[in-house]
Structures are given as C-alpha cells and as structure tokens.
Amino acid sequence: MFKLTGILKKEVVNDFTRRDGTPGQNRTLYIEPEGTLYPVKVKVQDMDYKVGKIGETITLTVAIFPYYVQDK
C-alpha cells in the first residue's frame, strides 16, 4: 500500500443491479497528483468514507492490484 496525495478532481457514484437482482453502488474518485496532467482513478468500497470536497488536496492510502493479460 502507498499514500496518494493530489487534488480531488471528480467523484462519480454509479448505481447498478447485481445478477441476483439486488441494487448496488460503485464509487470512483479521480485524483490528480502533483506534477501530472492526468488524474488517477481510484475505486472506494466504503460509500460512507469521507475524503473531502472537489478541488481540495487530499491524501489516501491506496492498495494496488497489478495484473496483465497473457496470451490475449
């Protein structure tokens, strides 16, 4: 895990329906680190987690799960 510090650019909440028919939500944060032009997309599982307002500098502890596609 590492700490990601940057400006909160956008917060998106998507509603969806699971395969069993129950409703669910996804929350995605777009954070622009210092010295870059492109924001980093971060998924948050806890819908009640408070991060700050859009335009503020925030710091999050982030876990990375790298993967790659082998043989197409």
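Okay, so let's go over this structure. (Residues numbered from 1 in each chain as written. Predicted model: local features only at pLDDT ≥ 70, side-chain atom pairs only at ≥ 80, totals over all residues. Heavy atoms only, no water.)

Side chains carrying opposite charge are able to pair once their charged atoms draw close together. Summed over all chains, the structure comprises 2 salt bridges. Across the pair E32 and K9 runs a salt bridge whose closest N-O atoms are separated by 4.0 Å. Taken together, the positions of E32 in strand 2 (residues 23-33) and K9 in strand 1 (residues 2-17) put the pair 23 residues apart, joining distant regions of the chain. K9 sits in the partly exposed class, given a relative accessible area of 40%. The salt bridge partner of R27 is E11, with a shortest N-O separation of 2.8 Å. Taken together, the positions of R27 in strand 2 and E11 in strand 1 put the pair 16 residues apart, joining distant regions of the chain. Note on R27: relative accessible area 5%, which makes it buried. For E11, a relative accessible area of 32% corresponds to the partly exposed category. (Salt bridge = Lys/Arg side-chain N within 4 Å of Asp/Glu carboxyl O. Helix = DSSP H or I, 4+ residues; strand = E, 2+ residues; numbered from the N terminus. Buried < 20%, exposed > 50% of the residue type's maximum accessible area, 1.4 Å probe, protein only.)

Attention now moves to the pairing of strand 1. In terms of strand pairing, strand 1 meets strand 4 (residues 57-62) through 6 bridges, oriented antiparallel. Pairing of F2 across the sheet is with V62, part of strand 4. Pairing between strand 1 and strand 2: 11 bridges, direction antiparallel. Residue V12 lies in a different strand from strand 2, and its bridge partner there is T28. What sits between the antiparallel neighbours strand 1 and strand 2 is a turn of 5 residues, in which G21 has the positive phi angle 95 degrees. (Pairing = 2+ DSSP bridges.)

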